[in-house]
Amino acid sequence: MNTSHSTKTAPIPVTLIPGDGIGPEVVDAARRLIDATGVPIAWEEAHAGASIFRKGIASGVPQETLDSISRTRLVLKGPLETPVGFGEKSANVTLRKLFETYGNIRPVRELPGVPTPYAGRGIDLVVVRENVEDLYAGIEHMQTPGVAQCLKIISRKGCEKIVRLAFEVARAEGRKMVHCATKANIMKFTEGLLKRTFEEIAPEYPEISAQHIIVDNCAHQLVRRPEQFSVIVTTNMNGDILSDLTSALVGGLGFAPSANIGSEVAIFEAVHGSAPKYAGKDVINPTAMILSGVLMLRHIGAHAEADTLENAVLFTFEEGRHRTRDFAGDAGSCGTRAFTDAILGNLGKTPQHTPARTRSKLVLPVTSTVVDMVRPTQREVVGIDVFVESPLQPEQLGPKVQAAAEGTAFGLKMISNRGTVVFPLTGTRTDVVDQHRCRFLSRNPAPDVGNDEVRALLSGLEQQGLRWMHIEKLQAFDGRPAFTKAQGED
Ligand code: NAP
């Protein structure tokens, strides 16, 4: 049921971040159209991204912008440039993480008149991407001068939130199927946690069918038969990649909006980046940003106005008189501003062939503030993985590591190199680098190894002249090992 947002209500404060590159053009288009719907918004302009990095603020987000978002809790944001390689972190990721916008909702829908190989197949799906965990937690180290690692952090709490959000999106939009796309076959604990959580929560939504799919097959199926999908919930990096793919199915990044949803703050932005080569040229497609504005209007309860704006966009596509360069080519294309003006002129019109979806309000999952959400009744430390930097080959390193463990509570179980067992010698041909994971298990059959025993083992390694840089306790929770085996480990 549509509700109208009265213009007599007090203006709603929204932080407006124009962003970098093409950002100011697309944000201006969205803002003009939102204002034209009559929803009273008090825009607070704030800045982040390239201009802020240039001022020497390493996060790319100044305090004034953080203060504005803390006040308004709503953001309409243009894309922000990210320095590549070394140095500063992405200001986008910083914003998403600082305000715990744990869910990234990325809908794509076939648009009339946009030529794609899939035209006529009725693509209409939503990727619900976990937005703050996974490899994008940004915990990276050079463990040796030549070996880098990035920690993939996935929590039960994060999985519960994103899975529930995905089912709530399906429920609010009357969708009947949710796929959970993971790489649980390889990463049993991290990706597997999302799969297990999905399977446990799915029965709470009996009217929606739930299916797990391996993420690489999901990519394959999306290209072959995208119309079979309705909602896909997935981890952060998978979702980043899959949602660029899904945007291409309906015409490209110019058409893909997104909402970053948290319990407190919501940030609305196009999926695309700052496309610097097009900045200021009045050639890019503002649709993704305008549809992000539609998502924002729905979020604040302005359903009728959201439908009015979405219908004007759909009508403009059906009419086909105004088409930007990305889908019309250079001949006969119109500029960003003229395209926006055309939508403005179509406010109040209803598309003939592209019916609006009936929606109810999105119910955000109730999120727990408990820190230790999963509590085992029994736990013990059964061993330790020590990461050692050494230029030695396994046949020289192995005996030294064994010698280091003599007289300690531990015995060497194996050494792996990039995840594959290399000691005891296997006769295989693993190419070895200078980061070795040495796995020690307690000699005690009923172990709970203490820190003094760990320190004794580390001293043993040091006495052998071995440099260690990282240790990981091998734990068992309620009798179940909380660590995986190496490739080739018994
Ligand atoms: P991009 O800016 O999204 O642009 C990639 C290509 O997508 C463009 O060259 C263009 O394709 C097409 N495109 C993007 N937006 C379009 C639009 N509105 N209308 C028409 N075509 C559009 O990706 P990128 O070049 O990889 O990234 C540039 C910068 O943006 C980087 O600094 C990156 O870190 C940042 N970024 C920011 C965000 C964000 O703020 N959320 C997201 C992604 C990337 P053609 O060349 O084929 O015309």
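The rules behind the values
Residues numbered from 1 in each chain as written. Predicted model: local features only at pLDDT ≥ 70, side-chain atom pairs only at ≥ 80, totals over all residues. Heavy atoms only, no water. Buried < 20%, exposed > 50% of the residue type's maximum accessible area, 1.4 Å probe, protein only. Helix = DSSP H or I, 4+ residues; strand = E, 2+ residues; numbered from the N terminus. Pairing = 2+ DSSP bridges. Near = heavy atom within 4 Å. Polar contact = N/O pair within 3.5 Å; in protein donor to acceptor, adjacent residues only side chain to side chain. Areas by Shrake-Rupley, 256 points an atom, 1.4 Å probe, with all protein chains shown as cover. Nonpolar A, V, L, I, M, F, W, Y, C, P; charged D, E, K, R; others polar. Domains from an automatic or database assignment. Contact = heavy atoms within 4.5 Å. Buried area = accessible area lost by both parts, 1.4 Å probe. Salt bridge = Lys/Arg side-chain N within 4 Å of Asp/Glu carboxyl O. Axes fitted to C-alpha atoms, helices over the stretch in contact; angles between N-to-C directions. Phe/Tyr/Trp six-rings, centres within 6.5 Å; stacked < 30°, edge-to-face > 60°.

**Q** Please explain the pairing of strand S10 (residues 231–234) as it appears in this structure.
**A** Within a regular strand, the side chains alternate between the two sheet faces. Of the two faces of S10, both are covered, the one formed by Val 231 and Val 233 as well as the one formed by Ile 232 and Thr 234. Pairing between strand S8 (residues 177–182) and S10: 4 bridges, direction parallel. By the bridge assignment, Val 178 is partnered in S10 with Val 231.

**Q** Just to check I follow, could you spell out the site of the ligand for this structure?
**A** Near the ligand you find 23 residues, and of these Leu 80, Gly 273, Ala 275, Lys 277 and Tyr 278 are the closest. Interatomic distance of 2.6 Å between a backbone N/O atom of Gly 273 and an oxygen atom of the ligand. One nitrogen or oxygen atom from the main chain of Ala 275 is found 2.7 Å from an oxygen atom belonging to the ligand. Taken by itself the ligand offers 870 Å² of open surface, and the protein chains cover 67% of this. Every element with two or more residues in the shell around the ligand is listed here: helix H4 (91–98) and helix H11 (325–328). In the shell around the ligand, the residues fall into 9 nonpolar, 7 polar and 7 charged.

**Q** Looking at this structure, how should I read the domain arrangement of the protein chain?
**A** Bring the parts together and some accessible area is lost; that lost area is often taken as the interface size. Domain annotation for the protein chain reports domain 1 (12–345) and domain 2 (379–481). Of the residues lining the interface, 5 residues belong to domain 1; the matching set on domain 2 comes to 8 residues. Between domain 1 and domain 2, roughly 550 Å² of surface is buried when both sides are summed, and carbon and sulfur atoms account for 54% of that area. Looking only at domain 1, the three residues that lose the most surface to domain 2 are Gln 143, Thr 144 and Val 147, adding up to 75% of its buried area. Our enumeration of links across domain 1 and domain 2 arrives at 0 salt bridges. Of the residues belonging to the side of domain 1 that touches domain 2, the class tally is 3 nonpolar, 2 polar and no charged.

**Q** What's the story with the side chain of Thr 340 in this structure? I'm lost.
**A** Here Thr 340 is to be found in helix H12 (residues 336–345). Residue Thr 340 is classed as buried on the basis of its relative accessible area of 1%.

**Q** Teacher, can you tell me more about the sheet that holds strand S13 (residues 379–389) here?
**A** Within a sheet, neighbouring strands are paired by backbone hydrogen bonds and run either parallel or antiparallel to one another. If you walk across this open sheet you meet the 6 strands as S15-S14-S16-S13-S17-S18, and the pairing is antiparallel. The sheet terminates laterally at strand S15 (420–423) and strand S18 (480–481), the two strands that pair on one side only. Contacts from helix H13 (residues 394–405) reach strand S14 (410–417), S15 and strand S16 (435–442) within the one sheet, and its direction differs from that of S14 by about 155 degrees.

**Q** Which parts of the structure should I look at to understand the pattern of salt bridges?
**A** When charged atoms on two side chains of opposite charge get close, those side chains can pair. Evaluation of the coordinates by the stated rule reveals 32 salt bridges. Among the salt bridges present, the one from Arg 321 reaches Glu 319, with a minimum N-O distance of 3.2 Å. For Glu 319, a relative accessible area of 29% corresponds to the partly exposed category. Here the salt bridges do not stand alone but share partners, grouping Asp 124, Glu 173, Arg 175, Arg 298, Asp 307, Glu 310 and Arg 359 into one network.

**Q** Would you mind going over the packing of aromatic side chains with me for this structure?
**A** Remark: the centre distance and the inter-plane angle together describe each pair of aromatic rings, the angle taken between the planes. Going through the model one piece at a time under the given rule, you end up with 7 aromatic pairs. An angle of 15 degrees between the planes, with centres 5.5 Å apart, marks the rings of Phe 167 and Phe 198 as stacked. Linking Phe 167 in helix H5 (residues 156–172) with Phe 198 in helix H6 (residues 190–201), this pair joins segments that are 31 residues apart in sequence. Assessed through its relative accessible area of 0%, Phe 167 is described here as buried. Between the aromatic rings of Phe 255 and Phe 327, the centroid separation amounts to 5.5 Å while the plane-to-plane angle is 70 degrees, which identifies the pairing as edge-to-face. Of this pair, Phe 255 sits in the loop between helix H8 (236–249) and strand S11 (257–261) while Phe 327 is found in helix H11, placing the two residues 72 residues apart along the sequence.

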